[in-house]
Amino acid sequence: MEGGGGAGADGGGGGGMEMKKIKIGVCVMEKKVSSAPMKQILDRLQAFGEFEVIHFGDKAILEDPIERWPVCDCLIAFYSSGYPLEKAEAYAALRKPFVINELEPQHLLHDRRKVYERLERFGIPVPRYAFVNRGFPYQELEYFVEEEDFVEVHGQRFWKPFVEKPVHGDDHSIMIYYPSSAGGGMKELFRKVGNRSSEFHPDVRRVRREGSYIYEEFMPTGGTDVKVYTVGPEYAHAEARKSPVVDGVVMRNHDGKEV
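Remember, predicted model here, so these are calculated numbers, not experimental data.

Draft legend 1. Up close: the pairing of strand S1 (residues 22–27). Examined bridge by bridge, S1 and strand S2 (residues 51–55) share five bridges and lie parallel to one another. Of the residues in S2, the one forming a bridge with Val26 is His55.

Written out as structure tokens, the structure reads:
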């Protein structure tokens, strides 16, 4: 800085004013914050020396009014089980931080029907599918027909093998039904429990009727699934892993992480 070379802005002999750090508020459930990938992200941010990371914590998120939440310049906030998304939205409206993860669109992820409709709106390919919407458990619907080797929804026929997904995005119990020519039965996919991610039920042949479901064609992938974590205008990050359809056994490395 040019000009008179007197004392620094702090009144000392040239120490200068310390740069104010940008406060990043992490309004995320503690289980997510403690994960290894999240720790990597936050450690790398702090390594720059420009950021101060403030963890809100479960007690503040769940119990404290938003007026008592820490004030921050930037906000990292995303939904997981039990997370009060509407409360985080109210906080963002009150304090107006720069929001890293958009909040309002996260409601969309709770309903797979809305996700499919959004994908189609932007021209992203999806499997052929149909919705079965029940107002109450076991409601009989005129547009839904089930036979031994297919279901028909609004005149669309889905031959086995087909996939049955709950419309609720938080329900990870997904079923694949197999044709009688292959011995029939159903394979249930679920969130990893120990080293299992699926279970075959040879005697189950009828689809579920206690709720609302999406039916879609089964897409063979050669035993590999691709999970997309991040999508941007010029960047995307995805990981391939063994599909739970293969045998339901989760492949892990020597650290216990899924391969």
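So, next bit.
Draft legend 2. A look at the nonpolar core. Ranked by size, the top nonpolar core spans 16 residues in total, and within it Cys27, Phe56, Trp69, Leu75, Tyr83 and Tyr91 carry the most contacts. For this core, the element with the most residues is helix H4 (residues 85–95), which contributes four residues. Counting residues in hydrophobic clusters, the runner-up holds 14 residues, among them Val153, Met175, Tyr177 and Tyr213.

Draft legend 3. Quick peek at helix H2 (residues 36–47). When the terminal C-alpha atoms of H2 are compared, their 16 Å separation across twelve residues agrees well with the 16 Å that a helix rising 1.5 Å per residue should span. Positioned one or two residues after H2, Gly49 has a phi angle of 85°, which is positive.

Draft legend 4. Broad picture of empty space enclosed by the protein. Summed over the entire model, instances satisfying the criterion amount to one cavity of 30 Å³ or more. The calculated volume of the largest cavity comes to roughly 50 Å³. Contributing to the lining of the largest cavity are Glu148, Asp149, Lys160, Tyr178, Pro179, Ser180, Gly184, Gly185, Val204 and Arg205. Residues belonging to the lining of the largest cavity are distributed by class as follows: three nonpolar, three polar and four charged.

Draft legend 5. Region of interest: the pattern of salt bridges. Within this structure, the stated rule accounts for twelve salt bridges. Residue Glu63 pairs with Lys59 through a salt bridge whose shortest N-O separation is 3.7 Å. In this pair, Glu63 and Lys59 both sit in helix H3 (residues 58–63), four residues apart, roughly one turn of the helix. The same class applies to Glu63 as to Lys59, namely exposed. Between Lys165 and Glu216 there is a salt bridge, with the nearest N and O atoms lying 3.3 Å from each other. Of the two residues, Lys165 sits in strand S9 (residues 162–166) while Glu216 sits in strand S13 (residues 213–217), which places them 51 residues apart along the sequence. One exposure class covers both Lys165 and Glu216, and it is buried.

Draft legend 6. Broad picture of the state of the cysteines. Evaluated as defined, the whole model comprises zero disulfides. Here Cys72 stays unpaired: no disulfide links it, and the sulfur of Cys74, its closest cysteine neighbor, is 7.4 Å away.

Draft legend 7. Looking closely at the sheet that holds S13. Read across the sheet, six strands follow the order S5-S13-S9-S10-S11-S12 without closing on themselves; strand pairing throughout is antiparallel. On the outer flanks of this sheet lie strand S5 (129–132) and strand S12 (196–201), each paired with one strand and no other. Taking the axes of each pair of neighbouring strands and ignoring which way they run, one obtains an average angle of 20° across the sheet. Two strands pair when backbone bridges link them, and S5 and S13 are joined in this way by four bridges, in the antiparallel orientation. Bridging across to S13, Val132 finds its partner in Tyr213. Relative to S5, helix H5 (residues 112–121) is tilted by about 150°, and along the sheet it contacts S5, S9, strand S10 (174–177) and S13.

Definitions and cut-offs
Residues numbered from 1 in each chain as written. Predicted model: local features only at pLDDT ≥ 70, side-chain atom pairs only at ≥ 80, totals over all residues. Heavy atoms only, no water. Pairing = 2+ DSSP bridges. Helix = DSSP H or I, 4+ residues; strand = E, 2+ residues; numbered from the N terminus. Core = buried A, V, L, I, M, F, W, Y, C linked by side-chain atoms within 4.5 Å. Buried < 20%, exposed > 50% of the residue type's maximum accessible area, 1.4 Å probe, protein only. Expected span 1.5 Å × (residues − 1). 1 Å grid on protein atoms, 1.4 Å probe; cavity = no way out; pocket = protein on both sides within 12 Å on 5 of 7 lines; lining within 4 Å. Points joined across faces, edges and corners; volume = space filled by probe spheres on them. Nonpolar A, V, L, I, M, F, W, Y, C, P; charged D, E, K, R; others polar. Salt bridge = Lys/Arg side-chain N within 4 Å of Asp/Glu carboxyl O. Disulfide = S-S within 2.5 Å. Axes fitted to C-alpha atoms, helices over the stretch in contact; angles between N-to-C directions. Contact = heavy atoms within 4.5 Å.

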